[in-house]
Amino acid sequence: VPTQIKRVTSIEVEHPVPLQTDWNFLSNQDRESTDNLTASSVTLATYSAETGYTVVPKYGSAAVKVSVAATTAGTVTEAHTATVADLRGIRCTYAVWVYCRYSARVTVRLSDGTTNNDSAAHGGNGWELLSVQGIPDAGTTAITLTVRVSSGGAINFFLDDGWFYMG
């Protein structure tokens, strides 16, 4: 703790939960590749710390870089292994670590085909965990998980570890 800080109220050390657990339904939990991610109006690439970006990845050896052209809105859709019938009527949470330097452009969405549940927008201050909860409707036939970017100037942002689970 720097000596300039006169009064420390708390110090927290982040310990990531292991991704390879039975409760996480995402097919690409750690974002070490672009596998199981589908781009729409954006470009995906895998970036590692050796590429010159010292702030990425947050965990592991790589993160996914998302590039968006000017005046373009787009999405990254995530594959998952959840059985829709098992999730109907159960609260679900979808969360993704996102690195972005532009505020109010990036959100995550959990959709059951009838209702879209969106997270708050990224604040543009580096790494943020964006998360959203929803309860799939009784008539749900598909659950879609997306990282969304609104239109505006051209930007790049990064995705790392993610979760989709019951609860």
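Along each chain, residue indices are assigned from 1 in the same order as the chain's sequence is written. Totals for whole chains, interfaces and linings use every residue, but because this is a predicted model, local features are given only for residues with pLDDT of at least 70 and side-chain atom pairs only at 80 or more, for both listing and counting. Values shown for side chains rest on all heavy atoms present in the structure; no hydrogens or waters enter the calculation.

Chemist: How would you explain the overall build of the protein if you had to name every residue and give the values?
Modeler: Counting from the N terminus, the helices are the DSSP runs of H or I reaching at least four residues and the strands are the DSSP runs of E reaching at least two. Within the protein, the secondary structure is distributed over 1 helix and 10 strands. Reading the protein from its N end, one meets helices and strands in the order β-β-β-β-α-β-β-β-β-β-β. Counting only residues that meet the buried cut, the protein has 43% of its 167 residues in that class. Across the protein, the fraction of contacts at a sequence separation of at least 24, relative to all contacts at a separation of at least 6, is 73%. For the protein, the exposed area adds up to about 8700 Å²; of that, 49% sits on carbon and sulfur atoms. Residue exposure (1.4 Å probe, protein chains only): buried if accessible area is under 20% of the type maximum, exposed if over 50%, otherwise partly exposed. The contact criterion used is simple: two residues touch if any of their non-hydrogen atoms lie within 4.5 Å. Note that accessible areas follow from Shrake-Rupley with a 1.4 Å probe, and for residues the cover is restricted to the protein chains shown.

Chemist: With reference to specific residues and values, describe the sheet that holds strand E7 (residues 116-118).
Modeler: For two strands to be treated as a pair, DSSP must find no fewer than two bridges joining them. Reading across the sheet, the 5 strands line up as E1-E4-E9-E6-E7 and stay open at both edges, with antiparallel pairing between neighbours. Each edge of the sheet is formed by a strand with only one pairing partner; in this case those strands are strand E1 (37-40) and E7. On average, each strand axis in the sheet is inclined to that of its neighbour by 25 degrees, with strand direction left out of account. Of the pairings in the sheet, the one linking strand E6 (residues 106-111) to strand E9 (residues 144-149) comprises 6 bridges and is antiparallel in character. Paired with arginine 109 across the strands is threonine 146, a residue of E9. Axis lines are fitted through C-alpha atoms, for helices just across the contact stretch, and the angle between N-to-C directions can take any value from 0 to 180 degrees.

Chemist: Residue-level account of unusual backbone geometry, with values.
Modeler: Phi at asparagine 36 is positive, roughly 65 degrees, even though this residue is not glycine. Inspection of the secondary structure puts asparagine 36 in the segment before E1.

Chemist: Lay out the nonpolar core in plain terms, naming residues and giving numbers.
Modeler: Among buried residues, those of type Ala, Val, Leu, Ile, Met, Phe, Trp, Tyr and Cys that are joined through side-chain atoms within 4.5 Å constitute a nonpolar core. Counting residues in each nonpolar core, the largest one holds 30 residues, and the members touching the most others are Val66, Tyr94, Val147, Phe157, Leu159 and Phe164. Breaking this core down by element, the ones donating at least two residues are strand E3 (62-68), helix H1 (84-87), strand E5 (92-100), E6, strand E8 (126-134), E9 and strand E10 (155-166).

Chemist: Go over the side chain of histidine 122 with me, naming the residues and quoting the values.
Modeler: For histidine 122, the position within the fold is in the loop between E7 and E8. Identification of polar contacts relies on pairs of N or O atoms within 3.5 Å, with a donor-acceptor requirement for protein atoms, meaning one able to donate a hydrogen and the other able to accept it, and with residues adjacent in sequence counted only if both atoms are side-chain atoms. For histidine 122, the side chain forms a polar contact with the main-chain oxygen of valine 98, separated by 3.0 Å.

Chemist: Got a sec to walk through the packing of aromatic side chains? Specific residues and values, please.
Modeler: Centres within 6.5 Å make a pair out of two Phe, Tyr or Trp rings, where for Trp the six-membered ring is used; the pair is then stacked when the planes are under 30 degrees apart, edge-to-face when over 60, and tilted otherwise. Following the criterion strictly, the structure yields 6 aromatic pairs and no others. Between tyrosine 47 and phenylalanine 158 the ring centres are 6.2 Å apart and the planes differ by 75 degrees, which places this aromatic pair in the edge-to-face class. You can see tyrosine 47 sitting in strand E2 (residues 43-48) and its partner phenylalanine 158 sitting in strand E10, a full 111 residues away along the chain. Owing to a relative accessible area of 4%, phenylalanine 158 belongs among the buried residues under this scheme. Ring geometry for tyrosine 99 versus tryptophan 127: centroids 5.5 Å apart, planes at 65 degrees, classification edge-to-face. Separated by 28 residues along the polypeptide, tyrosine 99 in strand E5 and tryptophan 127 in strand E8 bring together distant segments of the chain. For the pair tyrosine 99 and tryptophan 127, a shared accessibility class is recorded, and that class is buried. What links up through ring pairs into an aromatic cluster is the set Tyr47, Tyr99, Trp127 and Phe158. Any Lys NZ or Arg CZ that is within 6 Å of a ring centre and within 35 degrees of that ring's normal is treated as a charge sitting over the ring. Here the basic side chain of lysine 58 rests over the ring of tryptophan 97, its NZ or CZ set 4.3 Å away from the ring centre.

Chemist: Can you lay out the environment of glutamate 128 for me, pointing to particular residues and giving the numbers?
Modeler: The topology assignment puts glutamate 128 in strand E8. Residues glutamate 128 and valine 98, 30 residues apart in the sequence, show an inter-C-alpha distance of 5.5 Å. The contact partners of glutamate 128, leaving out residues within four places of it in the chain, are Val96, Trp97, Val98, Ala121, His122 and Gly123.

Chemist: So what's going on with the sheet that holds E8? Residues and values would help.
Modeler: Working definition: the strands of a sheet are paired by backbone hydrogen bonds and lie parallel or antiparallel to each other. Pairing is antiparallel in the open sheet, where 5 strands are placed in the order E2-E3-E10-E5-E8. Of all strands in the sheet, those with a lone pairing partner are E2 and E8, marking the two edges. For this sheet, the mean angle separating the axes of adjacent strands, direction not counted, is 35 degrees. For E5 and E8, the ladder comprises 9 bridges, and the chain directions are antiparallel. Paired with cysteine 100 across the bridge in E8 is glycine 126.

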